[in-house]
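# Observations on the three-dimensional arrangement
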Amino acid sequence: MRMKKPVRASFDQVRITREGTTAIIEHADSNISTTNLTIGGEIEIMSDQEILAVYNAIIASQEQSLREWDNTVTEIPPGKPQIKFEKRCNQWVPRGEILRCVIEDDEHGEAVVWIDDRELSLHEFGRLLTVYAGWGMRIAFVPEELVADQPKVKLREPPRRRR
């Protein structure tokens, strides 16, 4: 099962331990991710309640940031490179938040993903996606010739196929 993101908590809902300059905040609900909160040397004089207040303030700040997000994403225009190779992390990274891709299979029957004129293995494509770890994504499958067009979307169960 996928772990839930950390949430604001009261003192009776968490256990706080310390490792050096880091506070480890474990929720009583084991389905909620544990947080390693690096505080620094100041941690030595902080109470658990003060650490929890810092943690809850960070969660509140993240919630506020999400509420203020304007829901605008960038799509690189057709003909311009959508991805670039980042030497610092030795991998391909997206230049925008939308990727136009084509899926094919190689001579071994393994899926490969084409972005622009670049063939990426599933491993390389997966590494590219880690730039957005913690985010969600929506995938729309369309004919290759229509990959640059915004498809109409219907929210419904798919129609039953006749046998």
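A brief report on the enclosed structure follows. Here the residue numbering is sequential within each chain, running from 1 through the sequence in written order. The predicted origin of the model limits local features to residues at a pLDDT of at least 70 and limits the giving and counting of side-chain atom pairs to 80 or more, whereas totals for whole chains, interfaces and linings rest on all residues. Side-chain measures here rest on the full set of heavy atoms in the structure, leaving out hydrogens and waters.

## Overview of the packing of aromatic side chains
Here is the rule: rings of Phe, Tyr and Trp (six-membered ring for Trp) pair when centre to centre is within 6.5 Å. Planes less than 30 degrees apart are stacked, more than 60 are edge-to-face, and the remainder are tilted. Under the counting rule described, the total for this entry stands at three aromatic pairs. Taken together, a centroid distance of 6.0 Å and an interplanar angle of 80° make the contact between Trp-69 and Trp-135 edge-to-face. Taken together, the positions of Trp-69 in the loop between helix H1 (48-68) and strand E4 (83-86) and Trp-135 in the segment after helix H2 (122-129) put the pair 66 residues apart, joining distant regions of the chain. Buried, partly exposed and exposed residues are distinguished by accessible area as a fraction of the type maximum, computed with a 1.4 Å probe on protein chains only: under 20%, between the cut-offs, and over 50%, respectively. Residue Trp-69 is classed as partly exposed on the basis of its relative accessible area, which comes to 40%. Between Phe-85 and Trp-92, the ring centres sit 5.4 Å apart and the planes meet at 75°, which makes this aromatic pair edge-to-face. By relative accessible area, Phe-85 is classed as partly exposed at 37%. Aromatic ring contacts, followed pair by pair, group Trp-69, Tyr-132 and Trp-135 into a single cluster. Secondary structure follows DSSP: runs of H or I at least 4 residues long count as helices, runs of E at least 2 residues long count as strands, and numbering of each begins at the N terminus.

## Structural notes on the pairing of strand E3 (residues 35-38)
Looking along a regular strand, one sees the side chains alternate between the two faces of the sheet. Going residue by residue along E3, you find Thr-35 and Leu-37 tucked away on one face and Asn-36 and Thr-38 left uncovered on the opposite face. Where strand E2 (residues 22-27) lies against E3, four bridges are found, and the strand directions are antiparallel. Note that in E3 the partner of Thr-22 across the bridge is Thr-38. In this description, strands pair whenever DSSP reports at least two bridges between them.

## What about the sheet that holds strand E6 (residues 101-105)?
Read across the open sheet, the three strands follow the order E6-E7-E8; overall the sheet is antiparallel. Strand pairing shows two members of the sheet lacking a second neighbour, E6 and strand E8 (118-121), which therefore form its edges. Averaged over all pairs of adjacent strands, the angle between their axes in this sheet comes to 30°, without regard to strand direction. The pairing of strand E7 (residues 111-115) with E8 spans four bridges and is classified as antiparallel. Opposite Trp-114, over in E8, you have Glu-119 as the bridge partner. Helix axes are fitted only over the stretch in contact, all axes being lines through C-alpha atoms; the angle between N-to-C directions runs from 0 to 180 degrees.

## Here's the deal with the sheet that holds strand E1 (residues 14-19)
One open sheet holds the three strands; their spatial order is E1-E2-E3, and the pairing between them is antiparallel. Of all the strands in the sheet, just E1 and E3 have a single pairing partner and so form its edges. Adjacent strand axes in the sheet meet at a mean angle of 25°, parallel and antiparallel pairs treated alike. Sitting on the sheet, H1 touches E1, E2 and E3, and the angle it makes with E1 is about 105°. We call two residues in contact whenever any of their non-hydrogen atoms come within 4.5 Å of each other.

## Describing the pattern of salt bridges
A carboxyl oxygen of Asp or Glu within 4 Å of a side-chain nitrogen of Lys or Arg is what we treat as a salt bridge. Evaluated as defined, the whole model comprises five salt bridges. Of the charged contacts, one joins Glu-63 and Arg-8 as a salt bridge, the two residues approaching to 2.5 Å between their closest N and O atoms. Here the residue Glu-63 occupies a position in helix H1, and Arg-8 occupies one in the segment before E1, the gap between them amounting to 55 residues. Residue class for Arg-8 comes out partly exposed when judged on its relative accessible area of 46%.

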